[in-house]
Amino acid sequence: MLIKRPDDIKSGEITDKELYLNRRQFIRTASLGAAGLGSGLLIPGLLGPLGEARGATKLTGTGKSAFSTDEPQTPLKDITGYNNFYEFGTDKSDPKRYSDSLKTRPWTVVVEGEVNKPRTFDIDEMLKMPLEERVYRLRCVEAWSMVVPWIGFELSHLIKAVEPTANAKYIQFVTLHDPEQMPGQRRGVLDWPYVEGLRMDEAMNPLTILGVGLYGEVMPNQNGAPIRVVVPWKYGFKSIKSIVKIRFVEKEPPTAWNVAAPQEYGFYSNVNPTVNHPRWSQASERRIGDFFRRKTLMFNGYEEQVAHLYKGMDLTKLY
Ligand code: MTE
């Protein structure tokens, strides 16, 4: 992003972590096997997906989605320990370290603007939406990527419930603004609150979800608890965290990174290996945990599902 250079991952650290996690996974699988339980089993409340004892709450009754990738999933430790969430600091390790101060109950999301049925949703009401596991690739603009088993529901369900008017052309999302809970907001790194936006057809696309958890458990604070957007064919910064407002509007809304650096970040921000960031190439990426770089895929590999949304648009100008 603005401050961090791409690829600022300490590869030694990640590799060590990988080895460590794989060893843990091996030991756990072996011991479960010995107990006659088989591998890949979760023991609710006792073991997390990688065998650590964790206090997180399970999300039950989630279906599997056909939109999921079957690529290897990034270990939980990396998904929850290597984050961008500037409300808690600009270092990748800050969100995990400092986001305990975020209170995720009570939590409501106000839905307003160009809709016939404006409404305030309570987070517990939203958890009753048809939740699915969506294993998506996440490609950060800084040229690293992960594979995350999100739990969430299609944004289109919520959109239909509030009945947008004919004037609703875009949706704006707004993160909580509370410097008491989000100490990073005491510094002027970005224009707070963090805001993002999607065109209506992008928001209605079945790939676009509101994420409420990952790895079968409620969303960790550092990943955007209790509810965030996940748009897998766009750079990670479009996937705004800890949202409190969804506003339906007629004109393209301002977005946090476009306001901060318009020459570097556009409204669309589709993953596109042929359009470089002004300061680095977007042609390849490093999957967290991998040693070698891999080629970045057009629309992050979701071309079949979303290319039609941009037909006739010059993506070198509308980046
Ligand atoms: N949302 C808010 N409110 N604040 C942020 O700083 N960072 C974005 C996005 N959503 C950010 C945010 C960026 S740059 C990325 S890459 C993803 O969150 C990272 O999501 P993750 O930490 O769950 O991997």
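Check the entry above for the structure.
Predicted, not measured: the structure shown is a model, and the values here were computed from it.

What counts and how
- Residues numbered from 1 in each chain as written.
- Predicted model: local features only at pLDDT ≥ 70, side-chain atom pairs only at ≥ 80, totals over all residues.
- Heavy atoms only, no water.
- Helix = DSSP H or I, 4+ residues; strand = E, 2+ residues; numbered from the N terminus.
- Contact = heavy atoms within 4.5 Å.
- Areas by Shrake-Rupley, 256 points an atom, 1.4 Å probe, with all protein chains shown as cover.
- Salt bridge = Lys/Arg side-chain N within 4 Å of Asp/Glu carboxyl O.
- Buried < 20%, exposed > 50% of the residue type's maximum accessible area, 1.4 Å probe, protein only.
- Phe/Tyr/Trp six-rings, centres within 6.5 Å; stacked < 30°, edge-to-face > 60°.
- Lys NZ or Arg CZ within 6 Å of the ring centre and 35° of its normal.
- Near = heavy atom within 4 Å.
- Polar contact = N/O pair within 3.5 Å; in protein donor to acceptor, adjacent residues only side chain to side chain.
- Nonpolar A, V, L, I, M, F, W, Y, C, P; charged D, E, K, R; others polar.
- Arc of directions from axis to C-beta.
- Pairing = 2+ DSSP bridges.
- Axes fitted to C-alpha atoms, helices over the stretch in contact; angles between N-to-C directions.
- Core = buried A, V, L, I, M, F, W, Y, C linked by side-chain atoms within 4.5 Å.

Which residues make up the overall build of the protein chain, and what values go with them?
Check the secondary structure of the protein chain and you find 8 helices and 13 strands. Long-range pairs, those at least 24 residues apart, make up 71% of the contacts in the protein chain between residues at least 6 apart in sequence. Per element, the accessible surface of the protein chain, about 14,100 Å² overall, is 54% carbon and sulfur.

Tell me about the environment of Val148, residues and numbers included.
Tracing the chain through its elements places Val148 in strand 5 (residues 144-154). Spatially, the C-alpha atoms of Val148 and Thr69 are 9.5 Å apart, while their sequence positions differ by 79 residues. Leaving out residues up to four positions away in the same chain, Val148 has contacts with Ile79, Arg134, Val135, Tyr136, Leu138 and Leu214.

Can you tell me about the pattern of salt bridges, naming the residues and giving the values?
Following the criterion strictly, the structure yields 21 salt bridges and no others. Where Glu71 meets Arg137, a salt bridge forms, and the shortest distance between an N and an O atom there is 2.5 Å. Of this pair, Glu71 sits in the loop between strand 1 (63-64) and helix 2 (76-79) while Arg137 sits in strand 4 (residues 132-139); the two residues are 66 residues apart in sequence, bridging distant segments of the chain. When sorted by exposure, Glu71 lands in the same class as Arg137, which is buried. Among the ionic contacts, a cluster of salt bridges with common partners joins Glu71, Arg137, Arg139, Glu285, Arg287, Asp290 and Arg294.

Lay out the packing of aromatic side chains in plain terms, naming residues and giving numbers.
The final tally for this structure, using the stated rule, is 11 aromatic pairs. An angle of 70 degrees between the planes, with centres 5.4 Å apart, marks the rings of Trp257 and Tyr265 as edge-to-face. Trp257 sits in the buried class, given a relative accessible area of 3%. Every member of this aromatic cluster is reached through a ring pair, and the members are Tyr170, Phe267, Tyr268, Phe299 and Tyr310. For Lys92, the ring lying beneath its charged end belongs to Tyr82, and the centroid distance is 5.8 Å. One residue, Lys238, lies across the ring of Phe267, its end atom 4.3 Å from the ring centre.

Describe the site of the ligand, with residues and values.
Taken together, the neighbourhood of the ligand is formed by 18 residues, with Asn83, Tyr86, Glu87, Arg228 and Lys241 sitting nearest. Between the ligand and Glu87, the relevant distance is 2.8 Å, taken from a nitrogen atom to a side-chain nitrogen or oxygen of the residue. Between the ligand and Arg228 there is a distance of 2.7 Å, counted from an oxygen atom to a side-chain nitrogen or oxygen. Tallied by class, the residues present in the shell around the ligand amount to 9 nonpolar, 6 polar and 3 charged.

Kindly report on helix 5 (residues 155-162), identifying the contributing residues and their values.
Side chains of residues three or four places apart in an α-helix project in the same direction, reflecting 3.6 residues per turn. Looking only at helix 5, the buried set comprises Leu155, Ser156, Leu158, Ile159 and Val162. The buried side chains of helix 5 occupy one side of the element, clustering within an arc of 160 degrees when seen end-on. Residue Glu163 follows helix 5 closely and has a positive phi angle near 50 degrees.

So, the environment of Pro262: which residues are in play, and what are the values?
Structurally, Pro262 can be placed in the loop between helix 7 (256-260) and strand 12 (284-287). Ignoring anything within four residues of it in the chain, the contact list for Pro262 reads Trp257 and Tyr319.

Hey, could you go over the sheet that holds strand 11 (residues 243-249) for me, with residue numbers and the actual values?
What the 5 strands build is an open sheet, ordered 3-2-11-6-7; its pairing is mixed. Because the sheet does not close on itself, it has two edges, and the strands there are strand 3 (119-122) and strand 7 (195-199). Sheet twist, expressed as the mean angle between neighbouring strand axes with direction ignored, is 20 degrees. One ladder, built from 4 bridges, connects strand 2 (residues 108-113) with strand 11; its direction is parallel. In the strand pairing of strand 11, Gly113 is matched with Phe248. Contacts from helix 5 reach strand 2, strand 3, strand 6 (170-175) and strand 11, with the element oriented near 140 degrees to strand 3.

Let's hear about the nonpolar core: which residues, and what values?
Residues Leu158, Ile227 and Phe248 are the most contacted members of the largest nonpolar core, which totals 81 residues. The greatest single-element share of this core, amounting to 6 residues, is contributed by strand 5. If we ignore the near neighbours within four places in the chain, the residues touching Ile227 are Trp107, Val109, Ile123, Met126, Phe153, Leu210, Gly211, Val212, Lys241, Ser242 and Ile243.

Could you give an account of unusual backbone geometry, naming the residues involved and the relevant values?
The omega torsion across Arg105 and Pro106 is -10 degrees, close enough to zero to call that bond cis. Looking at where Pro106 falls in the secondary structure, it is placed in the loop between helix 3 (94-98) and strand 2. Cis geometry is found at the peptide bond from Trp192 to Pro193, where omega equals -5 degrees. Tracing the backbone shows Pro193 in the loop between strand 6 and strand 7. Its identity is not glycine, yet Ala143 carries a phi of approximately 75 degrees, on the positive side. Relative to the elements of secondary structure, Ala143 occurs in the loop between strand 4 and strand 5.

Just distances and angles here, no functional claims.
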